[in-house]
Amino acid sequence: TLAQYCVGANYAWATAEGLFLLRLLLSTSGRRCLPAFLLLGWGVPVLFVVPWVVLRHLYENEGCWERNEKVSVWWVIRCPILVAVAV
């Protein structure tokens, strides 16, 4: 779970940094949005890691969580990362 949160936070922070730099290029008021970017970097991964943990516990709680036999549960964690890459 912690590993998936760290992966999600990594992509969320990359997205937050990109949006922050874009905001700095477009205007000079980038510091006012810093709390929003902090929330994006640390808070957004919680929104998809917690449902993934619940689904994983309910439907695929067998031994090691590194295996992904049920693809639908795995997409809960991968879709937000793909969206972050697309942004």
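Once a new chain begins, its residue numbering starts again from 1 and follows that chain's sequence as written. Thresholds applied to this predicted model are a pLDDT of at least 70 for local features of residues and 80 or more for the giving and counting of side-chain atom pairs; totals over whole chains, interfaces and linings are not thresholded and use all residues. The basis for every side-chain value is the complete set of non-hydrogen atoms in the structure, without hydrogens or water.

## Let's talk about the overall build of the protein
The helix and strand inventory of the protein stands at four helices and zero strands. The reference for a compact globule is 2.2 Å times residues^0.38; the radius of gyration itself is calculated from the C-alpha atoms. Against the compact-globule benchmark of 12 Å for 87 residues, the protein has a radius of gyration of 15 Å, which places it well outside the compact range. Over its C-alpha atoms, taken along the principal directions, the protein stretches across nearly 50 × 20 × 15 Å. Exposure classes here rest on a 1.4 Å probe applied to the protein chains alone. A residue is buried below 20% of its type maximum, exposed above 50%, and partly exposed in between. Looking at the protein residue by residue over its 87 residues, the buried ones come to 23%. Contacts are assigned to residue pairs that have any heavy atoms within 4.5 Å of one another. Nonlocal contacts in the protein, meaning residues at least 24 apart in sequence, comprise 56% of its contacts between residues at least 6 apart. When the accessible surface of the protein is summed, it comes to about 6000 Å², and 70% of that surface belongs to carbon and sulfur atoms. For helices the rule is a DSSP run of H or I covering at least 4 residues; for strands it is a run of E covering at least 2, with both sets numbered from the N terminus onward. In short, Shrake-Rupley with a 1.4 Å probe defines the accessible areas, and a residue's cover is counted only from the protein chains shown.

## So, the UniProt feature "transmembrane region" (unreviewed entry) in the protein
UniProt tags residues 33-55 as "transmembrane region" (unreviewed entry). Here residues 33-55 is 91% helix and 0% strand, with 33 Å between the C-alpha atoms at its ends. UniProt positions are given in the numbering used here, feature names are shortened, and annotations may be inferred rather than shown by experiment.

## Some details on the nonpolar core
The nonpolar side chains of soluble globular proteins are, as a tendency, buried together. Nonpolar core, defined: a set of buried Ala, Val, Leu, Ile, Met, Phe, Trp, Tyr and Cys residues in which side-chain atoms within 4.5 Å join the residues together. With five residues, the main nonpolar core is built from Phe 48, Val 49, Trp 52, Val 73 and Ile 77. At the level of secondary structure, the elements contributing two or more residues to this core comprise helix 3 (44-59) and helix 4 (71-86). Residue contributions to this core peak at three residues, all from helix 3. Apart from residues lying up to four places away in sequence, Val 73 is in contact with Trp 52, Leu 55, Arg 56, Tyr 59 and Glu 60.

## Quick word on helix 3
Any helix carries an expected span of 1.5 Å times its number of residues minus one. For helix 3, with 16 residues, the first-to-last C-alpha span of 23 Å sits near the 22 Å given by 1.5 Å per residue. Turning to helix 3, its buried residues are Pro 45, Phe 48, Val 49, Trp 52 and Arg 56. Relative to the axis of helix 3, the buried residues are bounded by an arc of 100 degrees and lie together on one face. Of the exposed residues in helix 3, those oriented more than 90 degrees away from the buried face are Leu 47 and Leu 58. Directions pointing from the helix axis toward each C-beta atom define the arc.

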